[in-house]
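Survey of secondary and tertiary structure
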Protein chains: 4
Amino acid sequence: MAGSTLGTLLSVTTWGESHGKGIGVVIDGCPAGLPLSEQDIQLYLNRRKPGQSRFTTPRKEDDAVEILSGVFEGKTTGTPLSLMVRNTSQRSGDYSEIASYYRPGHADYTYDRKYGFRDYTGGGRSSGRETIGRVAAGAVAAKILSELGITVTAYTRSIGPVSIHYDRFDLSQTEKNAVNMPDAAAAALAEAHLDACRAAQDSCGGVVECVIKGLPAGVGEPCFEKLSANLAKAVCSIGAVKGFEIGDGFEAAKSRGSVNNDAFCRGTDGGIAKKTNHAGGVLGGISDGSDLVFRAAFKPTPSISAQQQTVNRSGEEITVSVRGRHDPIIVPRAVVVVECMAALTVLDLLMVSMTSRLDRMQAFFRQNT
Amino acid sequence: MAGSTLGTLLSVTTWGESHGKGIGVVIDGCPAGLPLSEQDIQLYLNRRKPGQSRFTTPRKEDDAVEILSGVFEGKTTGTPLSLMVRNTSQRSGDYSEIASYYRPGHADYTYDRKYGFRDYTGGGRSSGRETIGRVAAGAVAAKILSELGITVTAYTRSIGPVSIHYDRFDLSQTEKNAVNMPDAAAAALAEAHLDACRAAQDSCGGVVECVIKGLPAGVGEPCFEKLSANLAKAVCSIGAVKGFEIGDGFEAAKSRGSVNNDAFCRGTDGGIAKKTNHAGGVLGGISDGSDLVFRAAFKPTPSISAQQQTVNRSGEEITVSVRGRHDPIIVPRAVVVVECMAALTVLDLLMVSMTSRLDRMQAFFRQNT
Amino acid sequence: MAGSTLGTLLSVTTWGESHGKGIGVVIDGCPAGLPLSEQDIQLYLNRRKPGQSRFTTPRKEDDAVEILSGVFEGKTTGTPLSLMVRNTSQRSGDYSEIASYYRPGHADYTYDRKYGFRDYTGGGRSSGRETIGRVAAGAVAAKILSELGITVTAYTRSIGPVSIHYDRFDLSQTEKNAVNMPDAAAAALAEAHLDACRAAQDSCGGVVECVIKGLPAGVGEPCFEKLSANLAKAVCSIGAVKGFEIGDGFEAAKSRGSVNNDAFCRGTDGGIAKKTNHAGGVLGGISDGSDLVFRAAFKPTPSISAQQQTVNRSGEEITVSVRGRHDPIIVPRAVVVVECMAALTVLDLLMVSMTSRLDRMQAFFRQNT
Amino acid sequence: MAGSTLGTLLSVTTWGESHGKGIGVVIDGCPAGLPLSEQDIQLYLNRRKPGQSRFTTPRKEDDAVEILSGVFEGKTTGTPLSLMVRNTSQRSGDYSEIASYYRPGHADYTYDRKYGFRDYTGGGRSSGRETIGRVAAGAVAAKILSELGITVTAYTRSIGPVSIHYDRFDLSQTEKNAVNMPDAAAAALAEAHLDACRAAQDSCGGVVECVIKGLPAGVGEPCFEKLSANLAKAVCSIGAVKGFEIGDGFEAAKSRGSVNNDAFCRGTDGGIAKKTNHAGGVLGGISDGSDLVFRAAFKPTPSISAQQQTVNRSGEEITVSVRGRHDPIIVPRAVVVVECMAALTVLDLLMVSMTSRLDRMQAFFRQNT
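In this report, we go over the structure that sits alongside the text.

Conventions used here
- For every chain, the first residue of the written sequence is number 1, and numbering continues from 1 along that sequence.
- Chain labels run from A onward and ligand labels from 1 onward, assigned in the order the entries are written.
- In keeping with the model being predicted, local features are shown solely for residues with a pLDDT of at least 70 and side-chain atom pairs are shown and tallied solely at 80 or more, while totals for entire chains, interfaces and linings include all residues.
- For side-chain calculations, the full set of non-hydrogen atoms in the structure is used, while hydrogens and water are omitted.
- Secondary structure elements are defined from DSSP: runs of H or I of at least 4 residues count as helices, runs of E of at least 2 residues count as strands, and each element is numbered from the N terminus.
- We compute the radius of gyration over the C-alpha atoms and compare it with the globule rule, which gives 2.2 Å times the number of residues raised to the power 0.38.
- We call two residues in contact when some of their heavy atoms are within 4.5 Å.
- Working definition of accessibility: Shrake-Rupley area with a 1.4 Å probe, residue cover restricted to the visible protein chains.
- In this charge count, Lys and Arg are treated as positive and Asp and Glu as negative; neither His nor the chain ends contribute.
- Every charge is mapped onto a representative atom, which is NZ of Lys, CZ of Arg, CG of Asp or CD of Glu.
- Burial classes: relative accessible area under 20% of the type maximum marks a residue as buried, over 50% as exposed, and values in between as partly exposed (1.4 Å probe, protein chains only).
- The salt bridge definition used is simple: a Lys or Arg side-chain nitrogen within 4 Å of an Asp or Glu carboxyl oxygen.
- Here the buried area means the combined drop in accessible surface, using a 1.4 Å probe, for two parts upon being joined, counting both sides.
- Residues adjacent in sequence count toward polar contacts only when both atoms are side-chain atoms; beyond that, a polar contact is any pair of N or O atoms within 3.5 Å, and within protein one must be able to donate a hydrogen and the other to accept it.
- Under the grouping applied here, Gly and all other residues not named as nonpolar or charged are polar, the nonpolar ones being Ala, Val, Leu, Ile, Met, Phe, Trp, Tyr, Cys and Pro and the charged ones Asp, Glu, Lys and Arg.
- Each direction from the helix axis to a C-beta atom contributes to the arc, which is the arc of those directions.
- Pairing of aromatic rings covers Phe, Tyr and the six-membered ring of Trp, with a centre-to-centre limit of 6.5 Å; geometry is then stacked below 30 degrees between planes, edge-to-face above 60, and tilted otherwise.
- Charge-over-ring placement is defined geometrically: NZ (Lys) or CZ (Arg) within 6 Å of the ring centre, and within 35 degrees of the ring normal.
- Note on pairing: DSSP must find at least two bridges between two strands before they are called paired.

Next up on the list: the overall build of chain A. Within chain A, the regular secondary structure consists of eight helices and 18 strands. Rg of the C-alpha trace for chain A: 22 Å, near the compact-globule value of 21 Å for 369 residues, within the 12% margin. Considered along the principal axes of its C-alpha atoms, chain A spans approximately 65 × 50 × 35 Å. Sequence separation of 24 or more characterises 68% of the internal contacts of chain A that already satisfy a separation of 6 or more. Accessible surface, chain A as shown: approximately 11,100 Å² in total, 48% of it carbon and sulfur. For chain A, the distance from the average site of its 40 positive side-chain charges to the average site of its 39 negative ones is 1 Å.

On to the side chain of Arg360(D), then. Secondary-structure assignment places Arg360(D) in helix 8 (residues 358-368). Put simply, Arg360(D) is tucked away with no salt bridge, and the nearest opposite charge, on Asp359(D), sits 5.0 Å away. Among residues more than four places away in sequence, those in contact with Arg360(D) are Phe364(B), Asn368(B) and Arg113(C).

On the side of chain C, 30 residues touch chain A, which itself brings 30 residues to the contact. Here chain A and chain C share an interface that buries about 2,700 Å² over both sides, 75% of which is from carbon and sulfur atoms. Three residues, Met354(A), Leu358(A) and Phe365(A), lead the burial of chain A against chain C; their summed loss comes to 23% of the area buried on that side. Applying the counting criterion to the chain A and chain C interface returns zero salt bridges. In this structure, the connection of chain A to chain C is made through nine residue pairs in polar contact (both at pLDDT 80 or more). If you list the elements that add at least two residues to the side of chain A that touches chain C, you get helix 3 (131-147), helix 7 (331-352) and helix 8 (358-368) of chain A. Partitioning the side of chain A that touches chain C into residue classes produces 17 nonpolar, ten polar and three charged.

Moving on, we get to helix 1 (residues 38-48) of chain D. All names here are of chain D. Those residues of helix 1 lying buried are Ile-41, Gln-42, Tyr-44, Leu-45 and Arg-48. The buried residues of helix 1 occupy an angular sector of 165° when projected down its axis, which confines them to one face. Contacts made by the buried residues of helix 1 are with strand 4 (65-69), strand 7 (81-86), helix 3 (131-147) and helix 7 (331-352).

What follows concerns the packing of aromatic side chains. Overall, the coordinates contain 40 aromatic pairs over all chains when judged by the stated rule. An aromatic cluster of at least three residues, connected via ring pairs, comprises Phe364(A), Phe365(A), Phe364(C) and Phe365(C). Sitting above the plane of the Phe117(D) ring, Lys75(A) keeps its charged end 4.5 Å from the centroid. Just above the ring of Tyr44(B) sits the side chain of Arg47(B); from NZ or CZ to the centre is 5.5 Å.

Counting residues at the interface gives 108 residues for chain D and 107 residues for chain C. Approximately 8,700 Å² of surface area, both sides summed, lies buried where chain D meets chain C, with 61% of it carried by carbon and sulfur atoms. Our count for the chain D to chain C interface comes out at four salt bridges. For the pair chain D and chain C, the number of links is 41 residue pairs in polar contact (both at pLDDT 80 or more). Tallied by class, the residues present in the side of chain D that touches chain C amount to 45 nonpolar, 38 polar and 25 charged. Bridging between strand 11 (residues 241-246) of chain C and strand 11 (residues 241-246) of chain D involves three bridges; their strand directions are antiparallel.

Within the secondary structure, Lys299(C) sits in the loop between strand 16 (292-298) and strand 17 (308-311). Lys299(C) sits in the buried class, given a relative accessible area of 10%. It is 19 Å that separates the C-alpha atoms of Lys299(C) and Arg125(C), two residues lying 174 residues apart in sequence. Not counting chain neighbours up to four residues away, the residues in contact with Lys299(C) comprise Gly105(C), Cys204(C), Gly205(C), Ala240(C), Lys242(C), Ile330(C), Ala252(D), Asn260(D) and Leu283(D). In terms of polar contacts, Lys299(C) uses its side chain to reach the backbone carbonyl oxygen of Gly105(C), at 2.9 Å.

The phi torsion at Ala240(A) lies on the positive side, around 85°, for a residue other than glycine. Here Ala240(A) is to be found in the loop between helix 5 (227-236) and strand 11 (241-246). Located in the positive-phi region is Cys223(B), a residue other than glycine, with phi close to 60°. Relative to the elements of secondary structure, Cys223(B) occurs in the loop between strand 10 (206-213) and helix 5 (227-236). Classification of Cys223(B) by relative accessible area gives buried; the value is 3%.

Purely geometric numbers; function is a separate question.
Below, the structure written as structure tokens:
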């Protein structure tokens, strides 16, 4: 329950602070035989890198990953994968001022209360750089899922008041704009909204949506370890996430049973399918073979240049303006983080589901011993 | 990871099916010395009992709890508490028909796919009766929290389109109406809405809100074991929950940093406080000393008398009307379930937080050995 | 980490005190489709029942098990099995005296120090009756293993100074004598030794040995979750166990590499085998396909009628003689407990091992979706 | 359950192979405020370094540790400590031959069976170098324990047939001889025995003993999470360990209750003490305030130059002589490993024990909020 380990069979442990020597992750329980290179992981890390548009911090972060263990002759060995990204461009001089006060919307105050003091350089462990470990691990999980025919795709659903339109929805557009929206027209509006926020020295929130295709029915455990519950935890463990919903989510709370229930029908492959997917791919917390669809709500970046009121460590009320290089919005760079947390969660529960039936266990051991 | 155990230091394991011999829970790690009687637990179970209004099923369920272990001379001993409620009024004859087909919105299909067959009597393990174990355990957790000065209170925030008004908000009203809303006027509207749903052989969703007062700052772990992440999991593990949000939740995604950030200020007790609580009581996933406020979205009851399309176990498309005694809405009875899942989550993390500082550990062992 | 839950995929949670209302266990993660009746479990419980020979307590304990959940139409459903044995013959009047002092060799003192008070009736949670939950769960695990071609067999290896001779070893003898030794001649000597102990109002220790046949190679995880390490924990968690060894164990510490190394050779089935089994079936903590062989050392029953010195709760030195109905030796009744802990441990790790290779996971999902 | 993570509140995750880029460990849950430098850890790592006597491999391993995260301004922050040792002197050319066959007594065969292939350079993950992570983490745990007044000390109890004499026992001698025995005369005999083993191209086993002083009563949980059970697992998870015993261990199995029971008495400090310590410091699996005393049996080093029979990967029987730089005995370098595994285990359970009593929890939160 030390907070930096997640997962039962596929277990990830992240470490590292914003301005320490580096950030990393250990992935334990990765099945043997997966071809894996640093490039596989780097592609995912590059998606969360700053400096890629005018809406992300101009800080230069190379974030070059090194595989320290667990791969031999190009394949995973089944033993722990240790991945590390050295911090290179951090200047701790930037942060001497914020040591003295509590930034509104940040974890400065709660870390001080919990631990008696804090690493005040760049947010320490509560920095957005902590997600590097999540993304490195998620890249591996996504590759395994892909070998099993399962894809995980996230994108920006909304930025402030601007949402994508489903009749203009086109996943091939997602990475063609600065905000990772699969809808060029909405992306243009969102960019205009962000420019206005920046001009006002302000920041903005948004929603990330994620779709998982190819997941077999039967994944997720009853009661506390529902697939939906584990996704909720994984997603809400990302800094700045304030809400999670699956399928129709909060809209379902306003709906009626006759509308919200998805009718079962014969699928095109002769199997059983659903006519609609208000459920978002889970029934009773277990995957039903439909697309898994969920969303995460991100609050606005708390670091803003506008004046704010707060207190210093002595408890005196002061007015501050948080300087430094900060994104005016978290969402575009968080898309890959959501995708990675989903991949880790789904893969872990998929592995667990292999033991749900005795007949399948018997067949497995007959074939493999 | 077998799905029925939750918690690290305070660990609960539930068991039981709707129409089996009973439902129960084992609570392990409960601190010794808590005065505990069956009545303490029964009061909570009575709050989730059906048959209390015209909006809950007229089934008679006594749900009398028995403490089987862990209490000696009226106090907890520190060893596992085993609590059981015998099932008494279930008639399995009611359910012979639904064995043959998959009810829309239920877990019939996913259990069949996961396990190869299912207990079709009354939903088996995916029945709402599964929450009896959660509530019995939560009653114990709430009592411990109360000894530590912490209270957990949930209520109905909305039913279909009807929401409470915060200027008429009055917690003393919550249990005075059939829908557990702390606003008499909204409750009247909600009851009218439910009557309309019932007349249409339909059902309705809603939102439960929960407030935790008295929680010290510093509870919750960084990274994956954030307080908010664990609350999200606990709440989304309740059957029929489709969404979770803390503080401003999805509204924060539409907001700006200058609005959403809560300014720190001097509190009335001379300590540090926040002028607003958009964050809902967590910063960086760790409690900040403000009220913890979160919400859960419940889908409409899937069992409705109206005609629905589905398939039977042979894959043939059929039309069904789900008979039986079902609530037209889940929310009023789910209020206590949300409260209990919150109590279990907060207590577990509170216990974990005792080890976050070496100086406090040193003081603890100096005093206690 | 509340102490009463064990296992990752197959998870067991026991509860209950010697003189409470009952003893039970919840088994979560049991694969669906196992035919299971109360009789399957009762057969194992009967093997640990007292009153079966002059060396076991004459207390009458019926220990009739009831399956409360998890079985439908004669087969496991995949959801939690709850098993309970009601306590029937306990008279708490027997125990009023021992409330006032600390019995040497018992957990009275440590429970008082840990929890501030204790359930003094019959040892409470530290009673030998706590093993009922272990045995009930182990019976289920052993049945699953048997469906997979794996058998677990324990027996008495030694009692005080009397050990079995491997050239007279005959498993068909094990249950034909009062001490569960697979060697009639040694059993006769052991019975004579026990009679002498009893005449001296004393008790005696012994060793249980366990052999697991049919376990495939590759079970157990590297580093901390070695098969041997998990067996050590499971066995040393049984009350009164003071030592564990696998293969040659402590003898290996006196040996040389040239003797202790097991040479690999061609097996009779054309595969790879070992010429000897000093290792006891594990290399690097992972099963090697040979028989798994390990032993547990049990201390003498601490309850003896002979006079002993101790202190009372006020710290005054006193002399006591522990009355009551106690076995002069723990070992014969512990044989089935060791067997059950081994079955639970091996099955859990066997389930985990299904995910060690990507190619096998791919084949599994191709076949089962 | 991926095998490389251990612990509940203080959780360690190790990674790394013998000939990969490095070896490391992440320690999560370390309380904040501990002064910690690389030197604190290096001192422990130096104790397991090879090349310190003629009985350890002449390989040069610098094993210089780097703290990558979790320390700020010289103190632990409460967030994960990441520690790494780069591998520097490994030449993979040494190992090309052993890729083709299975070394007796090694994990080559079981890794191949489990994972389909293996990292054959220097043993990969099953190498003794894997213990670097354990020792680095253990150094931190030992420092925390020391701040709480608890010391953990291990030494060589026996080498082959040579054991220490308790009347010549002198802990100040332990590090003055090449075999880490606290008895100069026995050490001389042990060295002679090892010289004879080496002359015969053979190796030898031995026993490590460990004593923990200052541990308060009440540490360890009932049932499965006994202190003794967790020590057994931690110790048996060290490669080459074949047995564990606590207190009198296997000797207790030959003893009588009247001898083995430790009488309680008034201690010199006016509290309650024990006249003897056959139990080794645990009763019912919970610490009793006496010294904790346990032992680990190590098998002989499996790598020997003498001719051995085995099979190659094609299953053909061959004769081999394992070349390379190997210790003729594991025990002297394993002393610090046992100490470290004990420190990690005891600290974790000590932290858990803080929540065993409600009155203590109430006092804790009254003081700290």
